[in-house]
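Residues per chain are reported as follows:
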Amino acid sequence: MKISVIGTGYVGLVLGACLAKLGNRVFCVDIDKKKIAKLKRGISPIFEPQVEEIIQKTLKQKRISFHTEFKKPLQDSEVIFIAVGTPQRKDGKADLSYVEAAAQEIAKNMNGYKLVVTKSTVPVGTGQQVKKIIQGHYKGDFDIASNPEFLREGHAVEDFLKPDRIVIGTESARARDILLSIYESLDFPKVTTTVESSEMIKYASNAFLATKISFINEIANICEKVGADVEDVARGMGLDGRIGHSFLKAGIGWGGSCFPKDVHALNQIAGTSGYDFRLLKAVIEVNAKQRAFVLDKLEELLGNLKGKKICVLGLAFKANTDDVRESVAIEIIRALIGLGARVSTYDPKAQENAKNAVGDGVVFATDSYKAAKDAEVLVIATEWPEFEKLDYKKIKKLLRQPIVIDGRNLLNPLKLQKLGFRYFGVGRSFSKITKL
């Protein structure tokens, strides 16, 4: 099938690459000329495991191509996916300007029946807005659909090819059958519903996952006060099939390109619909407060932070990505600089992106050991597996004080304690633990 994908960010690029891998002829369109020039050479503008490899292979097979002009790709396609960004506005609502611009381009280039599919995360009712924009320019036959993504950054290709479910929201049997045929080779549960329900499923899913994280972080805060260990508590909870282990990892809060904007957008949707979503407001409040854990602990340990050197390991909002959007690590570093601290940092993939986000006053080291040298405290801010495997005997010699603040509960407290470290995790109580 001939398919166009508008937008080559995380969602659009993974979508285009994977659809090409499944055997479709895919045209990826973006107005960013530098990005498209890279992609034409098989260079991915983002770090995402497997994506660049798939792009290079499907380019050779002539199954994927990259364009800055809309007309020919759109007119040659049977299906058009809108996969542009929907960033959060200052009022918390989703910014739909890129979606609307994509719909305008589609409308101007309609030359027969097309199925226009919204892949971007959008508020309920966006599909109808897209339909009205197209109808303003084109009086022929077309369909709209919603097909939300459920991709985890760092695992996006795996999530596309082996999804928990595929959600398809349509207004006609024709549109439903076209989308089902695209995903026919993926033998996983397929939920077919209305466009509006499909749009809501995406927001509801992310809000629920964010709620689980905020919940376990609240439990972690209580554990710290009563001497319980949140890792044991989460393990005991997760064995209940009704609860499950996923997203019960305590830490310094959620960030990234999806959870913050989607949770705020759903809160706004509820508000404009006349409903006070009190639970979601609490989830947002808990997450905002959780980010203060590292700063509070540092001030408790060191007092005034002015002139103190702090090593922060991790800049990406999570491991296996170079994405620093809404990264808790970045917020911590900004706050430390504001308090007069000196910051050294290292991240295996996100350093270049972080340089634009944190500004001056930060030393970007070439490895973890150089970042740790002469620092008062080492802070784990992103759960990169390589940070767990560091030589902490060497780290101890490099630090001015043997103190680790583990904002992601990545490390083994007893091992560090045996090495002579003072270890502080989120909701960890290891003085009574006999084994881990």
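The structure displayed is predicted, hence computed values, not measured ones.

S.K.: How would you explain the sheet that holds strand S3 (residues 64-67) if you had to name every residue and give the values?
M.R.: In spatial order, the strands read S3-S2-S1-S4-S5-S6-S7-S8; together these eight strands make up an open sheet with mixed pairing. Looking at strand neighbours, the two that pair on one side only are S3 and strand S8 (190-193), the edges of this open sheet. Direction aside, neighbouring strands of the sheet carry axes that sit 20° apart on average. Bridge analysis of strand S1 (residues 2-6) against strand S4 (residues 79-82) gives four bridges, and the strand direction is parallel.

S.K.: Describe unusual backbone geometry, and please don't skip the residues or the numbers.
M.R.: Phi at Phe247 is positive, roughly 65°, even though this residue is not glycine. Residue position: Phe247 is located in the loop between helix H10 (230-238) and helix H11 (259-272). A relative accessible area of 30% means that Phe247 is categorised as partly exposed. Despite not being glycine, Asn320 shows a phi value in the positive range, around 70°. Summarising the element assignment, Asn320 is placed in the loop between strand S9 (309-313) and helix H14 (328-338).

S.K.: Lay out the packing of helix H1 (residues 10-21) against helix H3 (residues 51-60) in plain terms, naming residues and giving numbers.
M.R.: For the pair H1 and H3, interaxial distance at closest approach is 9 Å and the crossing angle is 50°. Between H1 and H3, the angle falls in the class oblique. H3 is crossed by H1, and the crossing has left-handed handedness. Packed against H1, whose contacting residues are Leu13, Val14, Ala17, Ala20 and Lys21, the element H3 presents Val51, Ile54, Ile55 and Thr58 at the interface. Class assignment of the residues belonging to the contact of H1 with H3 gives a composition of seven nonpolar, one polar and one charged.

S.K.: Lay out empty space enclosed by the protein with the relevant residues and their values.
M.R.: Any empty space left between atoms is shown by rolling a water-sized probe over those atoms. Inspection of every chain in the model, using the stated rule, returns one cavity of 30 Å³ or more. Approximately 40 Å³ is the volume found for the largest cavity. What lines the largest cavity is simply Thr118, Ser120, Thr121, Val122, Ser146, Pro148, Glu199 and Lys202. The residue makeup of the lining of the largest cavity, split by class, is two nonpolar, four polar and two charged.

S.K.: I'd love a proper account of the nonpolar core, names of residues and values included.
M.R.: Core analysis: the biggest nonpolar cluster contains 62 residues, and Leu298, Leu313, Leu336, Leu378 and Ile405 have the highest contact counts within it. Setting aside anything within four residues of it in sequence, one finds Ile405 in contact with Phe293, Val294, Lys297, Leu298, Leu301, Val377, Leu378, Val379, Ile380 and Phe424. Counting residues in hydrophobic clusters, the runner-up holds 39 residues, among them Tyr10, Val14, Leu19 and Phe81.

S.K.: Break down H14 for me, with residues and values.
M.R.: All of the buried residues along H14 are Val328, Ala329, Ile330, Ile332, Ile333 and Leu336. Buried residues along H14 sit against helix H13 (293-302), S9, strand S10 (342-346), helix H15 (351-358) and strand S11 (362-364). If you check the start of H14, you find a side-chain oxygen 3.2 Å away from the backbone N of Ala329, and it comes from Ser327. Downstream of H14 by a residue or two, Gly340 has a phi angle that is positive, lying close to 90°.

S.K.: Can you tell me about helix H2 (residues 33-40), naming the residues and giving the values?
M.R.: N-capping of H2 is provided by Asp32, with a side-chain oxygen placed 3.2 Å from the backbone N of Lys34. Following H2 by one or two positions, Gly42 has its phi on the positive side, about 80°.

S.K.: Provide a residue-level description of the packing of aromatic side chains, including the pertinent values.
M.R.: The full count for this structure, using the stated rule, is six aromatic pairs. An angle of 35° between the planes, with centres 6.1 Å apart, marks the rings of Phe247 and Phe259 as tilted. Of the two residues, Phe247 is situated in the loop between H10 and H11 and Phe259 in helix H11; the sequence distance between them amounts to twelve residues. Phe259 gets classed as buried once you look at its relative accessible area, which sits at 12%. Every member of this aromatic cluster is reached through a ring pair, and the members are Phe247, Trp254 and Phe259.

S.K.: Kindly report on the confidence of the model for the protein, identifying the contributing residues and their values.
M.R.: Looking at the protein as a whole, its pLDDT mean stands at 94, while 98% of the residues score no less than 70. Taken together, the stretch residues 432-436 has pLDDT below 50 and engages in ten contacts with residues farther than four places along the chain or on a different chain.

S.K.: How would you sum up the sheet that holds strand S13 (residues 403-406)? Please name residues and give values.
M.R.: Judged by pairing direction, the sheet is parallel, and its six strands sit side by side in the order S11-S10-S9-S12-S13-S14 without closing on themselves. Of all strands in the sheet, those with a lone pairing partner are S11 and strand S14 (422-425), marking the two edges. With direction set aside, neighbouring strand axes in the sheet form an average angle of 20°. Of the pairings in the sheet, the one linking S13 to S14 comprises four bridges and is parallel in character. When the bridges of S14 are listed, Ile405 appears paired with Phe424. Running at roughly 160° to S10, H14 makes contact with S9, S10 and S11 of the sheet. Along the sheet face, H15 touches S10 and S11 and points at about 170° away from the line of S11.

Reading the values: rules and limits
- Residues numbered from 1 in each chain as written.
- Predicted model: local features only at pLDDT ≥ 70, side-chain atom pairs only at ≥ 80, totals over all residues.
- Heavy atoms only, no water.
- Pairing = 2+ DSSP bridges.
- Helix = DSSP H or I, 4+ residues; strand = E, 2+ residues; numbered from the N terminus.
- Axes fitted to C-alpha atoms, helices over the stretch in contact; angles between N-to-C directions.
- Buried < 20%, exposed > 50% of the residue type's maximum accessible area, 1.4 Å probe, protein only.
- Parallel < 35°, antiparallel > 145°, perpendicular 65-115°, else oblique.
- Left-handed = near helix turned anticlockwise from the far one by under 90°.
- Contact = heavy atoms within 4.5 Å.
- Nonpolar A, V, L, I, M, F, W, Y, C, P; charged D, E, K, R; others polar.
- 1 Å grid on protein atoms, 1.4 Å probe; cavity = no way out; pocket = protein on both sides within 12 Å on 5 of 7 lines; lining within 4 Å.
- Points joined across faces, edges and corners; volume = space filled by probe spheres on them.
- Core = buried A, V, L, I, M, F, W, Y, C linked by side-chain atoms within 4.5 Å.
- Polar contact = N/O pair within 3.5 Å; in protein donor to acceptor, adjacent residues only side chain to side chain.
- Phe/Tyr/Trp six-rings, centres within 6.5 Å; stacked < 30°, edge-to-face > 60°.
- pLDDT = per-residue confidence, 0-100.

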